[in-house]
Amino acid sequence: MTVRHVCALVLLAVGTGVLLLSAVGLVALPGPFQRLHALTPASTVGVPLVVLAMAVETSPGRAALKLLVIAVVVALGGAVTAMAIGRATAQHERLLREDSPE
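How each quantity is defined
- Residues numbered from 1 in each chain as written.
- Predicted model: local features only at pLDDT ≥ 70, side-chain atom pairs only at ≥ 80, totals over all residues.
- Heavy atoms only, no water.
- Helix = DSSP H or I, 4+ residues; strand = E, 2+ residues; numbered from the N terminus.
- Rg over C-alpha atoms; globule rule 2.2 N^0.38 Å.
- Buried < 20%, exposed > 50% of the residue type's maximum accessible area, 1.4 Å probe, protein only.
- Contact = heavy atoms within 4.5 Å.
- Core = buried A, V, L, I, M, F, W, Y, C linked by side-chain atoms within 4.5 Å.

Engineer: Honestly, the overall build of the protein chain in this entry has me stumped. Any pointers?
Structural biologist: Looking only at helices and strands, the protein chain has 3 helices and 0 strands in total. When the elements of the protein chain are put in sequence order from the N terminus, they spell out α-α-α. For 102 residues, the compact-globule estimate of 2.2 N^0.38 gives 13 Å, and the C-alpha radius of gyration of the protein chain, at 17 Å, exceeds that figure by more than 25%. Seen along its three principal axes, the alpha-carbon backbone of the protein chain occupies a region of about 55 × 30 × 15 Å. Within the protein chain, buried positions represent 27% of all 102 residues. Intrachain contacts of the protein chain at a sequence separation of at least 6 include 58% that bridge at least 24 residues.

Engineer: How should the environment of L76 be read in this particular structure?
Structural biologist: Here L76 lies in helix 3 (residues 62-92). Owing to a relative accessible area of 58%, L76 belongs among the exposed residues under this scheme.

Engineer: So what exactly am I meant to see when it comes to the nonpolar core here?
Structural biologist: Nonpolar side chains in soluble globular proteins tend to be buried together. Of all hydrophobic cores here, the largest spans 5 residues; its members are V51, A55, A64, L67 and A71. Going through the elements one at a time, helix 2 (32-57) and helix 3 are the ones with two or more residues in this core. With 3 residues, helix 3 is the single largest residue contributor to this core. In contact with A71, not counting residues within four places along its chain, are P48 and V51.

In short, geometric facts, not functional conclusions.
Structure below.
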């Protein structure tokens, strides 16, 4: 086993652990906001770590660069999506006015 392979396995294990804990939180938590808090680490940490593990395992080059771009897009997109879902849920439950700038 090479050092690169061991690093990829560690990243994969940590990323998979985050994804599994998020899935348990999704099932165990009662409300939509609590579930949203459980799912946010999956998209901002779990998936990027798994993609980073794949990038480390592949040889340096275009494929690894594409995987790193995917990791950044998922991490940023996951945070924005979580905020949008939280805002829409708050508006739907009348916790926030629809015309509110915040």
